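Now for the letters of each chain:
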Amino acid sequence: MRIVANYKHYKELNEEVVQAIKNGAAQLTLEDVNGQRFIADCLKGKLKIDIYGTPGNDLGMFMDGPTVTVFGNAQDGVGNTMSSGKIIIHGDGRDIVGHSMRGGKIFVRGDVGYRVGIHMKTYKSNVPIIVAGGRAGDFLGEYMAGGIIIILGMHNTAKKTEILGDWVATGQHGGAIYVRGEVDDSKLGNGAAQFPMTADDEMTVKKVLTEYCRVFGLGLDSVFETDFTKIAPVSHRPYAALYTCE
Amino acid sequence: MYSSVPEFRVLIDKQRCRLCKRCIENCSFGALEWRGDKVKAFDDRCVACLRCVSMCPEDAITLRRTPSDVSAHPVWTENARRDVFTQSRTGAILLASTGNELHESIIFDHLLLDACQVTNPAIDPLREPIELRTYIGRKPRSVEFEAIGDSIKLKTELSPALRLDIPIMIAQMSYGAISLEAHEALARAAVMRGTTMGSGEGGLHKNLYPYSDHIIVQVASGRFGVHPAYLEAGAAVEIKIGQGAKPGIGGHLPGTKITDEISEARMIPIGADAISPAPHHDIYSIEDLAQLVNSLKEATRYKKPVLVKIAAVHNVAAISSGICRAGADAIVIDGFRAGTGATPKVIRDNVGIPIELAIAVVDQRLREEGIRRETSLIASGTIRNSGDVAKAIALGADAVKIGTAALIALGCTVCKRCYTGKCAWGIATQDPKLRSRLDPADGAQRVSNLLLAWSIELKEILGAAGINSIESLRGNRDRLRGYGLDHTTLEILGVQHAGS
C-alpha cells in the first residue's frame, strides 16, 4: 500500500499507517516523507515499510519486528529503544542511532552522528547490531551494556575526517565495537580498551557484514582489505568499588 | 586504630532465652551466632531491624541505642564522625537508603488545617457523601455538547485520564529495589483501593501483568524492560527524569542483585550492573522532552496519560511550566525528603527543596500562566499521614504518592539498610529465603487498610472544613494557616500565619 506523506502532520500520517496495518496491509510505501516523526513507533510483527524522503526523529522507536528501509537520510533517534526488526538507511543516520536498543539491526550506508548505540543492551538471544558504512561522531557506544557496533569508515575519502569521534565507549560495560582500521587509544573513554580480534570476533563481523554488504550491494572482499580493531569493556561491573556502606 | 562504636547493643535476657535459635535463623545481617551453649550477639553488625525482637517467642531480646556514649560535640556529631571513619577506611561514596536525615524541620508540621464553627456548617462524613474521586490528566478548557435527536452528547474530545477512587497513589519502586512479593502486594493494594502503583524503572515481572490496569509503567534513562507489551499494559506511562532522593543522579543496581527473574524483567544479562544514566540521552531540552512524551503517546495511540516525574530542585516552577508545555498530562514532583533503596548520602541529604514549597510554587506558576488545568500535579516525598495528604492538596497538588509509608505497612521497620539487599522483612531483598517472609496477600491487605484509614480520615478533615469534595480543597490555601514559619516561607507557600 502506498501513502503520500507530503506535508501531513506526523499524527495524521502515523494514524494512516496504523489503520492500513489494521486493515491487513503488510507492505507499505511512504512517499514524499518530510521529517515526520515517530514513523513505525511501537509497530510490531512482520511488516515491510519503505520510506522515500527524510523521516523525522525517532524512526522505529520501540519497534518490535518490522523491516523499515529509508531511501534517503534519517534524522535523530533511529531505532530508539527498539526491541527487534531491521532498519536500513541508504543515506546517513544522525545522533543517538540505536539509543538503548535491545535487539534487531540498524544498517546505515553512510555516516552516523553523536552518541550512537548509547546504552545498547543484550538480553539472551537478543543482540542488537548497528553497522555504519561511514564515520561516527563523539561518544560512540557510551554506557554500552551489550550488542555489536561496527564502523567501517568507507565512502569517506572526500571528507578526510577521522572514522571515530572522541570519547568512544565511555562507561562501556558490555558488548563490543568493531572498527575497520586502527584506533588510537586517545579516542577511548574511561571503561573501554582495545582487545585483539579473536576467531569468534572475526566470524561475528563477517556474518554481520555479509548481510550488510548484500543489502547495500557492496563487495565483501573490499571491506575486509583492512583489518578490524575491537573495543570492549574493561569490566562488566565498572562501579563495583565506587560505593561504601556505613 | 580506633573504629567507630556500634550503633546498637543487643541484650539477650539469659533468664528468658530458651535457646531455640529462632533469632539466629531470622537475623539476615549475621549479628547473632550460636556459640556452643548460647546465642552470641555481634553489636557492630546489628542494624536494629527488630526482626529478632519480633520473632523471639520469649521476648528475651532488647535493643539499645549507642551503649557507648561518645564525647559530645555540637558539630562533630556521632554520625559525622562515623562517616569520616568509613570514608577514610574505604575511599568510596557513602551509600544511604530511605530519605533525608539531615533536615528535621518539616513544613507540613507547621501548617494547620481549618474547620467550620457556627458560620458555615461542618459535614458529617458518616452520613453525607464526600467525594474523593480524582482524575489525573489534562482537563478541557471548556466542554461542548451536541444534541443528537433526543439525547445530548459530549462533543469535546477528552484527553485520557486516570480515574482514582482516592487521591493517594503508590509511588514508583522498582522490582529489583524491592522484592517481587512486595511489588505484587503493592499492586494488589492499588487494585483493592481503586488507585495505582508504579512499576519503577526495572520493567514488570510477568506476575504483575494481571494488575497492570492499576500500574503506571515507568520509562527511565536506562530504558530497562521497556518494550511494546510493557507500554501497552500500563494504565499510564511515567517518564522519570529525577527522584527526590537523588536529583540529577543515575542509578546503579549492582550486578550481584541481578538474579534470573530480575534479568528477565529488566531484559539484561544476569550479574551485569544495571546502570541508569543520569540524564535521558534523548532529552537535553524541553523540546526533547516533548519528543519523548509524544513518542510515548504515539506508541500507546493516545489512549494513556503520560506523566513526567522530576525531583523538586531550585527552578522547579519554571521546569514544571516547561513540562506542562511539553505535553505531560501530569507532573510528579518528588521532594527532598523522598525515600530510596540506595543513593549517595551526600546527594540525599543536601540536594533539592522541600516538597511543600515545590507544590506551592508550581501550582502558583501554572495558575499565573493559565495552564494549571492542562496538567495534574502529583506530590511525593514523605507523605506520612492523611494530614500531610490534605495539606499537600490544599497547597495545590491533585494527588500524592506514598512510598516509604506503603513499605512500612508491609512491615518495613526503617532500619535504612535497603542497599544491602539483606532486608529481614522480605521487602528490599532478592534472597528467596528472605522474600518468603512476606506474604503478598497479607501485605496487600495491610497497605489497603492503610489507604482505607487515610481515606476515611481525609473525609473527616474535609467534612470538618465543610467541604464535600476533594476538588474544593485543591489549591485552597485559604484553609491553611502557618504556625511558627518565617515570613518568607509563608509568602512562598501563599499561606497566612495562624491568627491572621
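This text goes with the structure placed above it.
Parameters and conventions
Residues numbered from 1 in each chain as written. Chains lettered and ligands numbered in written order. Predicted model: local features only at pLDDT ≥ 70, side-chain atom pairs only at ≥ 80, totals over all residues. Heavy atoms only, no water. Helix = DSSP H or I, 4+ residues; strand = E, 2+ residues; numbered from the N terminus. Buried < 20%, exposed > 50% of the residue type's maximum accessible area, 1.4 Å probe, protein only. Contact = heavy atoms within 4.5 Å. Areas by Shrake-Rupley, 256 points an atom, 1.4 Å probe, with all protein chains shown as cover. Lys, Arg positive; Asp, Glu negative; His and termini not counted. Charge placed at Lys NZ, Arg CZ, Asp CG, Glu CD. Pairing = 2+ DSSP bridges. Axes fitted to C-alpha atoms, helices over the stretch in contact; angles between N-to-C directions. Disulfide = S-S within 2.5 Å. Salt bridge = Lys/Arg side-chain N within 4 Å of Asp/Glu carboxyl O. Core = buried A, V, L, I, M, F, W, Y, C linked by side-chain atoms within 4.5 Å. Domains from an automatic or database assignment. Expected span 1.5 Å × (residues − 1). Parallel < 35°, antiparallel > 145°, perpendicular 65-115°, else oblique. Left-handed = near helix turned anticlockwise from the far one by under 90°. Nonpolar A, V, L, I, M, F, W, Y, C, P; charged D, E, K, R; others polar.

Asks: Looking at this structure, I do not really get the overall build of chain A. What am I missing?
Replies: Looking only at helices and strands, chain A features 3 helices and 12 strands. For chain A, the spread of C-alpha atoms along the principal axes amounts to about 55 × 55 × 30 Å. Residues classed as buried in chain A amount to 57% of the 246 residues present. Counting only contacts in chain A whose residues sit at least 6 apart along the sequence, the fraction spanning at least 24 positions is 44%. In the form shown here, chain A has an accessible surface area of approximately 10000 Å², with 49% of it arising from carbon and sulfur atoms. Taking the average location of the 26 positive side-chain charges in chain A and that of its 28 negative ones, the two points are 6 Å from each other.

Asks: Can you walk me through the sheet that holds strand 6 (residues 111-113) of chain B in this structure?
Replies: Strand pairing within a sheet occurs via backbone hydrogen bonds; the two strands may be parallel or antiparallel. Residue and element names in this part refer to chain B. Judged by pairing direction, the sheet is mixed, and its 3 strands sit side by side in the order 6-22-23 without closing on themselves. Of all the strands in the sheet, just strand 6 and strand 23 (496-497) have a single pairing partner and so form its edges. Where strand 6 and strand 22 (residues 480-482) come together, 3 bridges link them in antiparallel fashion. Of the residues in strand 22, the one forming a bridge with L112 is R481. Those strands touched by helix 11 (residues 386-395) are strand 6 and strand 22, and its axis lies near 95° from that of strand 6.

Asks: Is there a simple way to explain the state of the cysteines in this structure?
Replies: Each disulfide consists of one covalent bond between the sulfur atoms belonging to two cysteines. All names here are of chain B. In the structure shown here, the tally under the stated rule is 0 disulfides over all chains. C52 provides the cysteine sulfur closest to C46, a residue in no disulfide bond, and the two sulfurs are 6.3 Å apart. On the basis of relative accessible area, C46 is assigned to the buried category, the value being 11%. For C49, which is in no disulfide, the shortest distance to another cysteine sulfur is to C415 and amounts to 5.5 Å.

Asks: What's the story with the side chain of A:T81 in this structure? I'm lost.
Replies: Along the polypeptide, A:T81 turns up in the loop between strand 4 (64-71) and strand 5 (84-89). Judged by relative accessible area, which is 0%, A:T81 ranks as buried. Apart from residues no more than four positions distant in its own chain, A:T81 is found in contact with A:M61, A:F62, A:H99, A:S100, A:M101, B:R223 and B:V226.

Asks: Before we go on, may I ask you to explain the pattern of salt bridges in this structure?
Replies: Any two side chains of opposite charge can pair, so long as their charged atoms come close to each other. All names here are of chain B. Here the structure, examined in full by the defined rule, presents 55 salt bridges over all chains. Across the pair E101 and K416 runs a salt bridge, and its minimum N-O distance is 3.3 Å. Placement of E101 in the loop between strand 5 (93-96) and strand 6 and of K416 in the loop between helix 12 (404-410) and helix 13 (432-435) is noted, with a sequence separation of 315 residues between them. Residue K416 is classed as partly exposed on the basis of its relative accessible area of 27%. With its nearest N and O atoms 3.4 Å apart, the salt bridge here joins E471 to R474.

Asks: Help me out: how do you make sense of the sheet that holds strand 8 (residues 145-151) of chain A in this one?
Replies: Residue and element names in this part refer to chain A. Here we have 11 strands laid out as an open sheet, ordered 1-2-3-4-5-6-7-8-9-11-10, and mixed in their pairing. If you trace the sheet from one side to the other, it starts and ends with strand 1 (2-4) and strand 10 (192-195), each paired once. Each strand axis lies, on average, 15° off the axis of its neighbour in the sheet, ignoring direction. In terms of strand pairing, strand 4 meets strand 5 through 5 bridges, oriented parallel. By the bridge assignment, V70 is partnered in strand 5 with I89.

Asks: Just to check I follow, could you spell out the nonpolar core for this structure?
Replies: Side chains of nonpolar character tend, in soluble globular proteins, to be buried together. The biggest cluster of nonpolar side chains holds 124 residues, and the ones touching the most others in it are B:I170, B:L186, B:L231 and B:I333. Residue-level mapping places this core at the junction of two domains, with at least three residues from each of domain 1 (8-92) and domain 2 (135-497) of chain B. Excluding its chain neighbours within four sequence positions, the residues that come into contact with B:L186 are B:I170, B:M173, B:I178, B:M197, B:A406, B:L407, B:L410 and B:V447. Formed by 48 residues, the second largest nonpolar core is a distinct cluster that contains A:L13, A:V33, A:A74 and A:V116.

Asks: What should I look at first to understand helix 14 (residues 440-464) of chain B in this one?
Replies: The α-helix winds at 3.6 residues per turn, so residues separated by three or four positions along the chain end up facing the same way. Residue and element names in this part refer to chain B. Between its first and last C-alpha atoms helix 14 spans 36 Å; for 25 residues at 1.5 Å apiece the expected length is 36 Å, and the two agree. Of the residues making up helix 14, those classed as buried are P440, G443, A444, V447, S448, L451, W454, S455, L458, L462 and G463. Contacts from the buried residues of helix 14 go to strand 11 (168-170), helix 4 (180-192), helix 11, strand 21 (399-402) and helix 12. Positive phi appears at G466, one or two residues downstream of helix 14, with a value of about 75°.

Asks: So what exactly am I meant to see when it comes to the packing of helix 11 of chain B against helix 14 of chain B here?
Replies: How two helices sit against one another is set out by the angle between their axes and by the gap between those axes. Residues and elements named next belong to chain B. Two elements in contact, helix 11 and helix 14, have axes whose closest approach is 9 Å; the angle formed by their N-to-C orientations is 55°. Overall, the two elements helix 11 and helix 14 adopt an arrangement that is oblique. Considering the relative orientation of helix 11 and helix 14, their crossing is right-handed. Between helix 11, through S386, G387, V389 and A390, and helix 14, the contact on the second element is made entirely by W454, E457, L458 and I461. Among the residues making up the contact of helix 11 with helix 14, the classes are represented as 5 nonpolar, 2 polar and 1 charged.

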